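Listed here are the chains, written in short residue letters.
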Amino acid sequence: MSKLFSFSGTDDFCPGGSMYPNPKESSLFLSLGRHVDVYFPSRKRSRISAPFVFSGERFELKKPSIEVLPDECLFEIFRRLPGGQERSSCACVSKRWLTIVSNIRSDEISDNKTTQALDLNYESTDKKGGDVSEVEDEDVAGGYLSRSLEGKKATDVRLAAIAVGTAGRGGLGKLFIRGSNSSRGVTTVGLRAISRGCPSLRVLSLWNLATVGDDGLCEIAEGCHQLQKLDLCHCPAITNESLLALAKGCPGLTDLTIEGCANIGNEGIQAIARRCPNLKSVSIKDCALLGDQGIASLLTSTSYSLSKLKLQALNITDVSLAVIGHYGKAVTDLSLTSLPNVTEKGFWVMGNGHGLQKLKSFTVKACCGVTDLGLEAIGKGCPNLKQFCLRKCAFLSDNGLVSFAKAAGSLESLELEECHWVTQFGLFGSLINCGAKFKSISLVNCLGIKDLNVGLPPLPPCESLRSLSICNCRGFGDASLAALGKLCPQLQNVELSGLHGITDVGFFPLLESCEAGLVKVNLSGCPNLGNKVVCKMADLHGWTLEMLNLDGCKISDAGLVAIAENCQLLSDLDVSKCTITDSGIAALALSNLINLQILSVSGCNLVSDKSLPSLGKLGQTLLGLNLQQCKAISSGAVDLLVEQLWRCDILF
């Protein structure tokens, strides 16, 4: 028999009346919403017809006999009930009964044969004269149900109700708990109920639970042996003891995420690595006690299974990178962020370890150890690398970027953010020297990018590049844009946002050079681009253009007229903070070619209620309409639009 725990709370019977003033009040255990786990009956009557007894010269209140039974007797009764629905109904009676029912393990539930053998009356009596058929047990642990508790809803009582309610409906497979109730938060009591009632649990996520400690995780390890994915974030009371228990009880663990758990260190990670041979994904962030020993054990023990590894804000050194480079034989996705003790030597050794042959995606953020030497070694040591992202790498220069582009023959996508030593020469050099598979390049907030003052010699075109993104690079101007247009004739997706240095003159060469036809164009935050660019773009690329963002550009009604007449495939248009008027909206509505699905005119103060008929006509195809900060449009007009365009999401 399970060891029962005590639970304080009211469990009195209410003869002849409702258990609560409002039996369907949403605060009772669980809300009666779409996913009801335990149902509360509207009334409950005492089974004792004479609640008073005469003793001497006075009447005394007699406690209902069912409440006299000890927990052990009730436990034996509940575990012999024929199915999950019956146990769920009993759990609705009181917190005491819920506590007892939620402590029944699935292996402690008597099967139907045992229950019938113990109940001779039931076995031999059939008023209709037929045979007594065996009722199927409803507690099938399929594990496909999912439950989520957040904030004040995260309590032990709700977890107990979930454990009981899901048992008879396929079993709980995923449980997410975010935050905690300040007065009655999740503790070992709630996790014990989940452990005993939900053996089919496969995914468990715990966030910001200061009241959950090792005892709760040990309960999960003892009862949920099918657990595959575990997410522990900001649970300060959890230590290595929890991981030791989970490693022993849940050997099928495949995904592990640990973040902000200050008491977890090398011992716990080593235990997981030794006992979980199928571990495929590991993410560890901000765990001060974890060092090289834990990472080394993780890589050496899971050398042929671990495919995704993310390490952030850890005190590891070059030793860990060397181990990754040698033993990461199955790693396909690698992310290294904010590792202050890692130097140039670590990245160089990792690249020359020849173990990252399967690496496809690599992200490095805020690591001062990234230099030209290490970057070239990574390019040579990762022959199948396709996506590479570098952010806040202060010591990377043009030479390292060009050397990497030459070595990484399989590279498809390159992202650079806040790499201030990279200039135009690094950008053009990487485009010239990249392989035939290179498709996308992105530069964000790279202050070293400045407009060219000298002309470039004729350069071989980069025929493979399809996507170009340059955002918030203040020095980028017309000369660089014109050169890029000639260098990349097969561009289809262009994003040039937050660039004050480009004008219509610089953008024309790019429009004229693109042979494949532009599909997606984002020019938001470029105040010096106007109607001429839009008219030229609509004329040359209207037959392929699907998305156009002109937020903050100098666009008027003339631009909208050109779009309406030429862009027959356009489905997403953003002209926020432009000088368009009701006439421009009318031009869009009168067009027989355009079929917009998303339209944003946010901040267009010249668009008024007069556009209501035009917007109504456009609404035949619209799924999203943004009218925020349109001061000339009244709330009454918006109400009419909401009523008319019932298929469209309208922001106002």
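By the naming in an unreviewed UniProt entry, the protein chain is F-box domain-containing protein, taken from Gossypium tomentosum. Per UniProt, the protein chain carries the Subcellular location (unreviewed entry) text "Nucleus". The UniProt entry for the protein chain carries the following text under Pathway (unreviewed entry): "Protein modification; protein ubiquitination."

Tallied over the entire structure, the rule returns seven salt bridges. Between Glu417 and Arg391 there is a salt bridge whose closest N-O contact spans 3.3 Å. One end of the pair, Glu417, is in strand S13 (residues 413-417); the other, Arg391, is in strand S12 (residues 387-391), with 26 residues separating them in the sequence. When its relative accessible area of 26% is taken as the criterion, Arg391 is described as partly exposed. We note a salt bridge from Glu512 to Lys536, for which the minimum N-O separation is 3.3 Å. With Glu512 in helix H19 (residues 504-513) and Lys536 in helix H20 (residues 531-541), this pair connects stretches of sequence that are 24 residues apart. Accessibility expressed as a relative area gives 51% for Glu512, which makes it exposed. Assessed through its relative accessible area of 28%, Lys536 is described here as partly exposed. Salt bridges linked by common partners bring Arg391, Glu415 and Glu417 together as one network.

The biggest cluster of nonpolar side chains holds 164 residues, and the ones touching the most others in it are Phe347, Phe362 and Ile563. If near-sequence neighbours (up to four positions away) are discounted, Phe362 is found in contact with Leu334, Leu336, Phe347, Met350, Ile378, Leu385, Gln387, Phe388 and Cys389.

With that settled, consider helix H9 (residues 214-223). Owing to its 3.6 residues per turn, the α-helix brings residues three or four apart onto one side. The buried fraction of H9 is high, at seven of 10 residues. Every buried residue of H9 is listed here: Asp214, Gly216, Leu217, Glu219, Ile220, Ala221 and Gly223. At its buried positions, H9 is contacted by helix H8 (188-197), strand S5 (203-207), strand S6 (229-233) and helix H10 (240-249).

Below, the discussion takes up the environment of Leu204. Mapped onto the fold, Leu204 is located in strand S5. A relative accessible area of 0% places Leu204 in the buried class. Along the backbone, Leu204 and Phe176 are 28 residues apart, and their C-alpha atoms lie at a distance of 6.0 Å. Leave out the neighbours within four places in its chain, and Leu204 touches Leu175, Ile220, Leu227, Lys229, Leu230 and Asp231.

Let us look at the packing of aromatic side chains. Taken as a whole and assessed by the stated rule, the structure comprises three aromatic pairs. Their ring planes at 40° and their centres at 4.6 Å tell us that Phe388 and Phe404 sit as a pair that is tilted. Residue Phe388 is found in strand S12, and its partner Phe404 is found in helix H16 (residues 398-407); the two are separated by 16 residues along the sequence. Looking at Phe388, the relative accessible area reads 2%, which means it is buried. For Phe404, a relative accessible area of 0% translates into the label buried. On the numbers, 6.0 Å between centres and 85° between planes, the contact of Phe395 with Trp421 is edge-to-face. Of the two residues, Phe395 is situated in the loop between S12 and H16 and Trp421 in the loop between S13 and helix H17 (424-433); the sequence distance between them amounts to 26 residues. One aromatic cluster is present, built from ring pairs that chain together Phe362, Phe388 and Phe404.

Moving on, we come to the environment of Thr423. Mapping Thr423 onto the fold places it in the loop between S13 and H17. A relative accessible area of 22% places Thr423 in the partly exposed class. In this structure the C-alpha to C-alpha distance between Thr423 and Asp451, which are 28 residues apart in sequence, comes to 9.3 Å. Non-local contacts of Thr423, meaning those with residues more than four positions away in its chain, are made with Asp398, Gly448 and Ile449.

Next up on the list: the confidence of the model for the protein chain. Averaged over all residues, the pLDDT of the protein chain is 84; the fraction at 70 or higher stands at 77%. Confidence drops under a pLDDT of 50 for residues 1-36, and excluding neighbours within four residues, the segment shows 80 contacts in the predicted structure. Throughout residues 39-50 the model reports pLDDT below 50, and contacts reaching past four residues in sequence, or to other chains, amount to 26 contacts.

What follows covers H17. For H17, the buried fraction is high: seven of the 10 residues fall into the buried class. Every buried residue of H17 is accounted for by Gln424, Gly426, Leu427, Phe428, Gly429, Ser430 and Leu431. If you follow the buried residues of H17, they end up packed against H16, strand S14 (440-444) and helix H18 (478-487).

What follows concerns the side chain of His541. Along the chain, His541 turns up in helix H20. Judged by relative accessible area, which is 1%, His541 ranks as buried. Setting aside anything within four residues of it in sequence, one finds His541 in contact with Leu511, Cys514, Gly517 and Leu518.

This paragraph deals with the packing of helix H12 (residues 292-301) against helix H13 (residues 318-327). A pair of packed helices is characterised by two quantities: the angle between their axes and the separation of those axes. Here H12 crosses H13 at 5°, and the two axes come no closer than 9 Å. Here H13 runs roughly parallel to H12, going by the angle between their axes. Residue-level contacts link Asp292, Ile295, Ala296, Leu299 and Thr300 of H12 to Val319, Ser320, Val323, Ile324 and Tyr327 of H13. In terms of residue class, the contact of H12 with H13 is built from seven nonpolar, two polar and one charged.

Below, the discussion takes up a positive patch on the surface. A contiguous patch of positive charge, built from Lys360, Lys386, Lys437, Lys439 and Arg466, is present on the exposed surface. Inspection of the secondary structure assignment puts Lys360 in the loop between helix H14 (344-351) and strand S11 (361-365).

A separate point is unusual backbone geometry. Despite not being glycine, Ala313 shows a phi value in the positive range, around 55°. Within the secondary structure layout, Ala313 lies in the loop between strand S9 (308-312) and H13.

A separate point is the pairing of S12. Examined bridge by bridge, S11 and S12 share five bridges and lie parallel to one another. Paired with Lys365 across the bridge in S12 is Arg391. The parallel pair S11 and S12 is bridged by helix H15 (residues 372-381), and the resulting crossover is right-handed. As paired strands, S12 and S13 are joined by five bridges and run parallel to one another.

Here the focus is the state of the cysteines. One covalent bond between the sulfur atoms of two cysteine residues makes up a disulfide. Enumeration according to the criterion identifies zero disulfides in this entry. The structure places no disulfide on Cys276, whose sulfur is separated from the nearest cysteine sulfur, that of Cys250, by 7.7 Å. Cys276 sits in the buried class, given a relative accessible area of 0%. Cys419 provides the cysteine sulfur closest to Cys393, a residue in no disulfide bond, and the two sulfurs are 5.0 Å apart. The exposure class assigned to Cys393 is buried, which follows from its relative accessible area of 0%.

Cut-offs and rules
Residues numbered from 1 in each chain as written. Predicted model: local features only at pLDDT ≥ 70, side-chain atom pairs only at ≥ 80, totals over all residues. Heavy atoms only, no water. UniProt positions renumbered as here; feature names shortened; annotations may be inferred. Salt bridge = Lys/Arg side-chain N within 4 Å of Asp/Glu carboxyl O. Helix = DSSP H or I, 4+ residues; strand = E, 2+ residues; numbered from the N terminus. Buried < 20%, exposed > 50% of the residue type's maximum accessible area, 1.4 Å probe, protein only. Core = buried A, V, L, I, M, F, W, Y, C linked by side-chain atoms within 4.5 Å. Contact = heavy atoms within 4.5 Å. Phe/Tyr/Trp six-rings, centres within 6.5 Å; stacked < 30°, edge-to-face > 60°. pLDDT = per-residue confidence, 0-100. Axes fitted to C-alpha atoms, helices over the stretch in contact; angles between N-to-C directions. Parallel < 35°, antiparallel > 145°, perpendicular 65-115°, else oblique. Nonpolar A, V, L, I, M, F, W, Y, C, P; charged D, E, K, R; others polar. Patch = residues over 30% accessible without salt bridge, like charges linked within 9 Å, V, L, I, M, F, W, Y side chains within 5 Å. Areas by Shrake-Rupley, 256 points an atom, 1.4 Å probe, with all protein chains shown as cover. Lys, Arg positive; Asp, Glu negative; His and termini not counted. Charge placed at Lys NZ, Arg CZ, Asp CG, Glu CD. Pairing = 2+ DSSP bridges. Right-handed = clockwise from strand over helix to strand, strands pointing away. Disulfide = S-S within 2.5 Å.

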